[in-house]
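Structure assessment
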Amino acid sequence: MSKQPTSRSNFGSKFGTVATAAGSAVGLGNIWKFPYEAGQNGGGAFLLIYILCVLLFGLPIMISEFAIGRRARANVAGAFRKLSGTRSWGIVGLLGVITAFLILGFYFVVAGWSLEYVYQAASNAFVGKTPTDLSQAFVNFSTDTFQPLFWTVIFICANAFVLLAGVEKGIERISKILMPFLVLILILLSIRAITMPNGSAGLQFFFAPDFSKITPNVILSALGQAFFSLSLGMGCMVTYGSYIRKDNNLTKTALHVISVDTLIAILAGVAIFPAVFSLGINPAQGPELVFITLPNVFTHMAGGYIWAILFFLLLAIAALTSTISLQEVITAYVSEEFKLQRKKVIVGSSVVLIIVSSLCSLSLGVGSKLTIGGMRLFDLFDFTSSKLFLPLGALLISIFIGWFYNPKKIRDEISNQGKLSTKLFPVYYFLMRYFVPIAIIAIFLNELGLFN
Ligand code: PFF
């Protein structure tokens, strides 16, 4: 069994709990990944499936992760071992750590891009450029050998610094104040984008589902994106759950986090797609979509210079509160399981991550010929984490709750020992016992071609 810290600290207030979990959830997943996934997977069809995935998979799994963490008060592996009473369930923790490395591998690269864009915005680099110029500028930058590496390393060091100084809470507090600004800028961007010529075509693309576009692949993409965006399926919310107070209403907290996260993703779509259609950019462009679209919108906006700097800065901060939570999964696991000092684990994992992220970054430029299964390392990490490991983690969590753990105990935890209503518990339990595992297994089997 892992050693527990003598007194585990608690989140102070209800708002603090929501804000910290939302800090993990809201990040590049909402503003960078969601729009490009939606663009590649049919727009409105993707949005519809995404919302269904958030409600049917995301909500019950988030409640479960919180409940497991709060009941066990331990890191992911420790929590599953403690509640199951067997060692083998610790595998969920190990899977979470591997997933955290995969996600951070490409996440740090994109976080580095947002820093470069702060710099470009501040040096007025977007002004007077055509959409083609801005696309070309992004390609030149992202395929360069050194420039993206420079920003990635800066970001990893900043992240390690925050973790080493133990000021994560401070960062969460700052982000609590700053994130409303990000929402404000997204609203302004949305208004500007919608009023661009042909902007309504973008709204049509994003909101009107074309049902013929719904394919098994779109469903898997939406499912993976929901887990990624909500930080589910790898124990991140188990770790955060272990700090939640006993009197907190877990269902309400999960609902709040999910609403904020989904609203910001939709807002990002509204800011991006009208501009994409107005400027004649391909919506299925891929990971560069946000970085080639929004600079154009800023150049068409009053005060665009300031808004652009602020936007990319806030994007970097939103990314930071997510990378903190991702690296915390690694740190809590390794330090508690192997009884190592947290500081050593943070430094060690950061060094490993500098190497992994550098490889991901280089795979877009000089290393682009090196592919595995037709994918560059960057895309491979993105693919395996969202479409394989997070759904797999969620599957294991649903099997644990639905088939191994005592239902009375989970109901006790979610209802705060019967103090809260348990009327909806049967719905939750049905989803966790039958719907979630069967649906994920069916999606996986289909992916393997077993239904063809
Ligand atoms: N949810 C984060 C985002 O949308 O950017 C990414 C993430 C954080 C995924 C933490 C997984 C995780 F455990």
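Below, the structure is looked at part by part. All of these numbers come straight from a predicted model, not from anything done at the bench. (Residues numbered from 1 in each chain as written. Predicted model: local features only at pLDDT ≥ 70, side-chain atom pairs only at ≥ 80, totals over all residues. Heavy atoms only, no water.)

1. What to know about the overall build of the protein
Across its full length, the protein holds 18 helices and zero strands. By its C-alpha atoms, the protein is 65 × 50 × 45 Å across when sized along the principal axes. Residue burial in the protein is summarised as follows: out of 452 residues, 58% are buried. For the protein, the computed accessible surface area is about 17,700 Å², with 69% contributed by carbon and sulfur atoms. The positive charge centre, built from 32 side chains, and the negative charge centre, built from 19, are 12 Å apart in the protein. (Helix = DSSP H or I, 4+ residues; strand = E, 2+ residues; numbered from the N terminus. Buried < 20%, exposed > 50% of the residue type's maximum accessible area, 1.4 Å probe, protein only. Areas by Shrake-Rupley, 256 points an atom, 1.4 Å probe, with all protein chains shown as cover. Lys, Arg positive; Asp, Glu negative; His and termini not counted. Charge placed at Lys NZ, Arg CZ, Asp CG, Glu CD.)

2. Points about the packing of helix 4 (residues 76-84) against helix 14 (residues 304-337)
Two measures define how a pair of helices packs: the angle their axes make with one another and the distance between the axes. Look at helix 4 against helix 14: their axes get within 8 Å of each other, and the N-to-C directions meet at 60°. In terms of orientation, helix 4 lies oblique with respect to helix 14. Across from Val76, Ala77, Gly78 and Arg81 in helix 4, the residues of helix 14 making contact are Val329, Tyr333 and Glu337. Looking at the contact of helix 4 with helix 14 residue by residue, the classes come out as four nonpolar, one polar and two charged. (Axes fitted to C-alpha atoms, helices over the stretch in contact; angles between N-to-C directions. Parallel < 35°, antiparallel > 145°, perpendicular 65-115°, else oblique. Contact = heavy atoms within 4.5 Å. Nonpolar A, V, L, I, M, F, W, Y, C, P; charged D, E, K, R; others polar.)

3. Re the site of the ligand
Taken together, 15 residues lie around the ligand, and Ala25, Gly29, Tyr107, Phe228 and Ser231 are the ones closest in. Glycine 29 places a main-chain nitrogen or oxygen 2.8 Å from an oxygen atom of the ligand. When the ligand sits alone it has 340 Å² of accessible area, and the protein chains cover 100% of it. If you map the ligand onto the pockets, it falls in the largest cavity. Contributing elements (two or more residues each) for the shell around the ligand: helix 1 (14-25), helix 2 (28-40), helix 10 (216-229) and helix 14. Partitioning the shell around the ligand into residue classes produces seven nonpolar, eight polar and no charged. (Near = heavy atom within 4 Å. Polar contact = N/O pair within 3.5 Å; in protein donor to acceptor, adjacent residues only side chain to side chain. 1 Å grid on protein atoms, 1.4 Å probe; cavity = no way out; pocket = protein on both sides within 12 Å on 5 of 7 lines; lining within 4 Å. Sits in = over half its atoms within 2 Å of the grid points.)

4. Some details on empty space enclosed by the protein
A full pass over the atoms with the stated rule returns one cavity of 30 Å³ or more. Taken as a whole, the largest cavity spans an internal volume of roughly 130 Å³. What lines the largest cavity is a set of 16 residues, among which Ser24, Ile103, Phe228, Ser231 and Leu326 lie closest to the centre. Elements with a contribution of two residues or more to the lining of the largest cavity: helix 1, helix 5 (91-122), helix 10 and helix 14. Its residues placed into classes, the lining of the largest cavity shows ten nonpolar, six polar and no charged. (Points joined across faces, edges and corners; volume = space filled by probe spheres on them.)

5. Looking at the pattern of salt bridges
Summed over all chains, the structure comprises eleven salt bridges. Across the pair lysine 33 and aspartate 382 runs a salt bridge, and its minimum N-O distance is 3.1 Å. In this pair, lysine 33 sits in helix 2 while aspartate 382 sits in helix 16 (residues 377-404), placing the two residues 349 residues apart along the sequence. Aspartate 382 shares its class with lysine 33; the two are buried. Residues participating in the shared-partner salt-bridge network are Arg70, Arg71, Lys246 and Glu413. (Salt bridge = Lys/Arg side-chain N within 4 Å of Asp/Glu carboxyl O.)

6. What about a nonpolar patch on the surface?
Together, Leu48, Ile51, Leu52, Leu55, Leu56 and Phe211 make up a nonpolar patch on the protein surface, roughly 500 Å² of accessible area in all. Its location among the elements puts leucine 52 in helix 3 (residues 44-72). (Patch = residues over 30% accessible without salt bridge, like charges linked within 9 Å, V, L, I, M, F, W, Y side chains within 5 Å.)

7. Section: the packing of aromatic side chains
Any two aromatic rings considered together are summarised by their centre-to-centre distance and by the angle between their planes. Summed over all chains, the structure comprises 44 aromatic pairs. Between tyrosine 119 and tryptophan 151, the aromatic rings sit 6.1 Å apart at their centres with planes inclined by 40°, giving tilted as the arrangement. With tyrosine 119 in helix 5 and tryptophan 151 in helix 7 (residues 147-165), this pair connects stretches of sequence that are 32 residues apart. Exposure remark for tryptophan 151: the relative accessible area of 15% places this residue in the buried category. Sitting over the face of the ring of phenylalanine 228, lysine 33 holds its NZ or CZ atom 5.1 Å from the ring centroid. Arginine 411 extends its terminal NZ or CZ atom over the ring of phenylalanine 425, reaching a point 5.9 Å from the ring centre. (Phe/Tyr/Trp six-rings, centres within 6.5 Å; stacked < 30°, edge-to-face > 60°. Lys NZ or Arg CZ within 6 Å of the ring centre and 35° of its normal.)

8. Overview of the packing of helix 5 against helix 7
Packing of helix 5 against helix 7 brings their axes to within 8 Å, and their N-to-C directions diverge by 105°. Between helix 5 and helix 7, the interaxial angle falls into the category roughly perpendicular. Contacts between helix 5 and helix 7 involve Phe108, Val109, Ala111, Gly112, Trp113, Leu115, Glu116 and Tyr119 from the first element and Gln147, Pro148, Trp151, Thr152, Ile154, Phe155, Ile156 and Asn159 from the second. Each residue belonging to the contact of helix 5 with helix 7 can be placed in one class, and the counts come to eleven nonpolar, four polar and one charged.

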